[in-house]
Amino acid sequence: MRRFERKRAIFANKDALRESYQPDRIEERDEEIEAYMDALQPVIDGWEPNNIFLYGNTGVGKTAVTEYLMSLLQEDADDYEDIDLSVINLNCKPLSSSYQVAVELVNELRPDGAEISTTGYPQQTVFNKLYEELDKLGGTILLIFDEIDSIGERDELLYELPRARSKGDLTEAKVGIIGISNDFKFRDQLDPRVQDTLCERELQFPPYNAQELNNILSSRADIALRDGTYDDAVIRLCAALAAKDRGSARQALDLLLLAAEQAENADDETVTESHVEEARHVLERERVEEGIRQLTQHGHLTLLAVVSIAAEGDTPERSRAIYNRYLDICDGYGVDSLAQRSVHNHLSDLRMLGILTARENRSGSRGNFYSYELDVPLESALTALEDELDMQERFSDLRTVANLNGIR
Ligand code: ADP
Ligand code: MG
């Protein structure tokens, strides 16, 4: 009979590899921290805070560095009697507009039981309630909007808030906004007047290289794994794989976590490079499947068009030819097809998700065009699509074609 039994052979503190863990030391970000501290200096000097805009890919330390600096700032601000600092941290990921952000903030600031409903007010009313709450709190207030890109174009709050004091809507509180974005394009898409104020101080966090990831990972492994259960080669491999992909510390930490779990589940005494390889495959498959699941039906059909051309060994292929294949597939599947323009949009979404890569070809008189190919193993894409589209026969044909062409 199998019973639960405590396994503690590999991990000393598994939680240290998880998302929620806040490291007490930040590695490899000295320059960024210095610039960030400069931008925060007015808080300690007692002036109105700067608005700060922080951007970089996921996993490059934006949230970790912000939390680290906020706790330092909070501590140091306590030394000055005339500074009354409040830091309010809001993750905007589940929020898709300024309205929702404002409601969330009002409710954060109000005592339990006095929350407002999430719908039904005109936007300006919610903004006014927010100013009221901020003024009631008073002092210096830093509002951290993490993953702010999720509000998309509904960015009115980012225009209104920085101007509230000069317009007389805020009289007591000195408010600074720290906007954090994973999406480089978010900044450019903002209303130019929003850019002017919100991006008063801009900080960019570049991807980590292999050496930097190696250092971040070594210090973390020190806490998370037992001595003697891993060696430098394992850390180096996780760092190298993550550096080659997106330069994300999150990705490197996930690889190490999963590799160590593989070792533990197999009752192995050490984590090896082959556990890391296994972990990489698992993560890659999860990423692809997750991305593919999020697509709409026509996203799936567009991807299927690329997959079926790839099975024949003919990618990269131009978007026009991909569109023709898509039309065939829609025909066979009995669904109405979309216009070429929409299929283009699906192709660029697939590219953003890291499922396709695109090359730009210049062709003189006819302008530029794109060619697309899969950026994930063919089999991963096939498996994920198979769950979404009910086309058994087509998939077995595709596998046969891919096998004949030696494509995996
Ligand atoms: P982002 O907010 O940019 O997506 P995070 O700050 O969440 O990235 O970082 C991802 C993970 O990597 C977190 O677990 C964080 O603790 C860790 N991390 C990132 N950068 C560093 C660093 N410079 N030093 C130590 N740990 C880091
Ligand atoms: Mg973050």
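What comes next concerns the included structure.

Conventions we followed
- Residues numbered from 1 in each chain as written.
- Chains lettered and ligands numbered in written order.
- Predicted model: local features only at pLDDT ≥ 70, side-chain atom pairs only at ≥ 80, totals over all residues.
- Heavy atoms only, no water.
- Helix = DSSP H or I, 4+ residues; strand = E, 2+ residues; numbered from the N terminus.
- Buried < 20%, exposed > 50% of the residue type's maximum accessible area, 1.4 Å probe, protein only.
- Polar contact = N/O pair within 3.5 Å; in protein donor to acceptor, adjacent residues only side chain to side chain.
- Pairing = 2+ DSSP bridges.
- Contact = heavy atoms within 4.5 Å.
- Axes fitted to C-alpha atoms, helices over the stretch in contact; angles between N-to-C directions.
- Core = buried A, V, L, I, M, F, W, Y, C linked by side-chain atoms within 4.5 Å.
- Domains from an automatic or database assignment.
- Near = heavy atom within 4 Å.
- Nonpolar A, V, L, I, M, F, W, Y, C, P; charged D, E, K, R; others polar.
- Expected span 1.5 Å × (residues − 1).
- Arc of directions from axis to C-beta.

Focus: the environment of Ser-219
Tracing the backbone through its elements, the reader meets Ser-219 in helix α8 (residues 210-224). Accessibility expressed as a relative area gives 22% for Ser-219, which makes it partly exposed. Once the C-alpha coordinates of Ser-219 and Arg-25 are considered, the two residues, 194 residues apart in sequence, prove to be 8.9 Å apart. At a separation of 2.8 Å, a polar atom in the side chain of Ser-219 contacts the side chain of Glu-27.

With respect to the sheet that holds strand β7 (residues 356-362)
Read from one edge to the other, the open sheet built from three strands follows the order β6-β8-β7, with strand pairing classed as antiparallel. Here the strands that pair on one side only, and so sit at the sheet edges, are β6 (317-318) and β7. Its contacts with the sheet put helix α14 (residues 340-352) on β7 and β8 (368-374), and the angle it makes with β7 is roughly 120°.

What about the nonpolar core?
Ranked by size, the top nonpolar core spans 55 residues in total, and within it Tyr-36, Leu-40, Ile-178, Leu-225 and Leu-256 carry the most contacts. Considering each element in turn, this core owes the most residues, ten residues, to helix α10 (residues 249-265). If you count residues domain by domain, this core takes at least three from each of domain 1 (30-204) and domain 2 (208-291). Beyond its immediate chain neighbours, meaning those up to four positions away, Ile-178 contacts Tyr-36, Leu-40, Ile-52, Met-70, Leu-142, Leu-143, Ile-144 and Phe-145.

Comments concerning the site of ligand 1
Around ligand 1, a shell composed of 21 residues is seen, among which Glu-27, Gly-59, Lys-62, Ala-64 and Tyr-208 lie nearest. The separation between an oxygen atom of ligand 1 and a polar side-chain atom of Lys-62 is 2.7 Å. Between an oxygen atom of ligand 1 and a side-chain N or O atom of Arg-250, the distance comes to 3.0 Å. Of the residues assigned to the shell around ligand 1, the class counts are nine nonpolar, five polar and seven charged. Residues from two domains meet in the shell around ligand 1; each of domain 1 (30-204) and domain 2 (208-291) gives at least three.

Details of unusual backbone geometry
In this structure, Pro-316 follows Thr-315 across a cis peptide bond, with omega equal to 0°. Topologically, Pro-316 is positioned in the loop between α12 (297-311) and β6. With phi around 65°, Glu-28 is a residue other than glycine that occupies positive phi space. Tracing the backbone through its elements, the reader meets Glu-28 in the segment before α1 (30-45). Even without a glycine there, the phi angle at Glu-147 is positive, about 55°. Tracing the sequence through the fold places Glu-147 in the loop between β3 (140-146) and α5 (156-163).

A few points about the sheet that holds β3
Strand order in this open sheet of five strands is β2-β3-β4-β1-β5, and the pairing throughout is parallel. Strand pairing shows two members of the sheet lacking a second neighbour, β2 (85-91) and β5 (201-204), which therefore form its edges. Going from strand to strand, the sheet's axes swing by 15° on average, the running direction of each strand aside. Taken together, the six bridges between β3 and strand β4 (residues 174-181) define a ladder with parallel strand orientation. Across the sheet, the residue bridging to Thr-140 is Lys-174, located in β4. Against the sheet, helix α2 (residues 62-77) contacts β1 (52-55), β2, β3 and β4, and its axis sits at roughly 165° relative to β2. Against the sheet, α5 touches β3 and β4, its axis set at about 165° to β3.

Details of helix α16 (residues 392-404)
In this model α16 runs 19 Å from its N-terminal to its C-terminal C-alpha over 13 residues, within 8% of the 18 Å that 1.5 Å per residue would give. If you check which residues of α16 are buried, you get Phe-395, Leu-398 and Ala-402. Along the axis of α16, the buried positions cluster into a sector of 60°, meaning they face one direction only. Summarising the geometry of α16, the exposed residues directed more than 90 degrees from the buried face are Gln-392, Glu-393, Asn-403 and Leu-404. The inward-facing, buried residues of α16 contact α12 and α15 (378-388). Two residues or fewer after α16 comes Gly-406, characterised by a positive phi angle close to 65°.

Keep in mind these numbers describe shape, not what the thing actually does.
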